[in-house]
Amino acid sequence: MAEKNTKKPTTSRKKEQKITKEMEQLKNEIEQLKKDLETKESENKKLMEEYDKIKSYAINLKVDFENYKDLVQKEKNRIKKEAKESVIKQLIPLYKNFSIVMANQQNLESFAKGVEMIYKSFVSTIENVGVEFIKPEKNQKFDPFEHDAIERVETDEVEEYHVYELVSPGIKLEGKIIEPAKVKVAIKPVKQEKPETKQEDKTENEETNGGE
């Protein structure tokens, strides 16, 4: 009976030790989970801080971009306005001179000289703003990028596919073709040969009449 009593406490102690060990292990696991949770919370907090920074940066960037667009548009409008003012200032003297000339049409010689003067002044003015006139000379090679062929002329005076005559000058602004020059282009004349049958018939008739 004594042996049976000694075995029971031993078994009970082992169970207690096992439970204690499991509880200790569970406690450690809970502590680890708590630490992991705190770490996750800290990481989430950092991520949220980074997100807020990026969001704030994006908002500020958008605001700066909108402000930049407004500044660019204002600058474009300013440049456009100043360009118009510059052109108008250069055209005003032409308008005044033209008004004077038109008011004195009685003297044809003075009127013609005045018109010629205004024309030269006008050409000089628009050339100052970057306009170039395209004026190909006779026998100059036809350029499809700068010339517009409005008519073909059969002639031997100039080479084929060369300018025969300038009808109206073209306009170029800072290298860009605004309007091509309108020209007449030379082509080789088509040679018309007389039919041989008619010539032969004419010769035969002459011989017959002469024989009679």
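Scroll up a little and you will see the structure.
Residues numbered from 1 in each chain as written. Predicted model: local features only at pLDDT ≥ 70, side-chain atom pairs only at ≥ 80, totals over all residues. Heavy atoms only, no water.

A. Highlighting the sheet that holds strand β2 (residues 147–154). What the three strands build is an open sheet, ordered β2-β6-β3; its pairing is mixed. Each edge of the open sheet carries a strand with a single partner, namely β2 and β3 (163–168). The sheet shows a mean angle of 25° between the axes of neighbouring strands, taken without regard to direction. (Pairing = 2+ DSSP bridges. Helix = DSSP H or I, 4+ residues; strand = E, 2+ residues; numbered from the N terminus. Axes fitted to C-alpha atoms, helices over the stretch in contact; angles between N-to-C directions.)

B. Structural view of the sheet that holds strand β4 (residues 170–173). Across the sheet, which stays open at both edges, the three strands sit in the order β1-β4-β5 with antiparallel pairing between neighbours. Each edge of the open sheet is held by one strand with a lone partner, namely β1 (131–134) and β5 (176–179). Recorded for the sheet is a direction-independent mean angle of 35° between the axes of neighbouring strands. Two strands pair when backbone bridges link them, and β1 and β4 are joined in this way by four bridges, in the antiparallel orientation. Residue pairing for β4: F133 is matched across the bridge by I171.

C. Spatial organisation of the pattern of salt bridges. Taken as a whole and judged by the stated rule, the model has 10 salt bridges. As a salt-bridge pair, E66 and K69 come within 3.9 Å of each other at their nearest N and O atoms. One end of the pair, E66, and the other, K69, are both in helix α1 (residues 2–102), three residues apart, so they sit about a helical turn from each other. Given a relative accessible area of 34%, E66 falls into the partly exposed group. For E146, the salt bridge identified is with K172, shortest N-O distance 2.8 Å. With a gap of 26 residues between them, E146 in the loop between β1 and β2 and K172 in strand β4 connect regions that are remote in the sequence. Overall, E146 belongs to the partly exposed group, its relative accessible area being 22%. Several salt bridges share partner residues, and in doing so they unite E75, R78 and E82 into one network. (Salt bridge = Lys/Arg side-chain N within 4 Å of Asp/Glu carboxyl O. Buried < 20%, exposed > 50% of the residue type's maximum accessible area, 1.4 Å probe, protein only.)

D. Seen up close, the environment of G175. With respect to the helices, strands and loops of the structure, G175 is situated in the loop between β4 and β5. Sequence separation between G175 and G130 is 45 residues, and the spatial gap between their C-alpha atoms is 9.0 Å.

E. Representation of the packing of aromatic side chains in the model. What the rule picks out here adds up to zero aromatic pairs. A cation over an aromatic ring shows up here: K135 above the ring of F133, its NZ or CZ 5.5 Å from the ring centre. (Phe/Tyr/Trp six-rings, centres within 6.5 Å; stacked < 30°, edge-to-face > 60°. Lys NZ or Arg CZ within 6 Å of the ring centre and 35° of its normal.)

F. Quick peek at a nonpolar patch on the surface. Side chains of V87, L91, F122 and V129 sit close together on the surface and give an oily, nonpolar patch of about 270 Å² of accessible area. Turning to its location among the elements, L91 is positioned in helix α1. A relative accessible area of 33% means that L91 is categorised as partly exposed. (Patch = residues over 30% accessible without salt bridge, like charges linked within 9 Å, V, L, I, M, F, W, Y side chains within 5 Å. Areas by Shrake-Rupley, 256 points an atom, 1.4 Å probe, with all protein chains shown as cover.)

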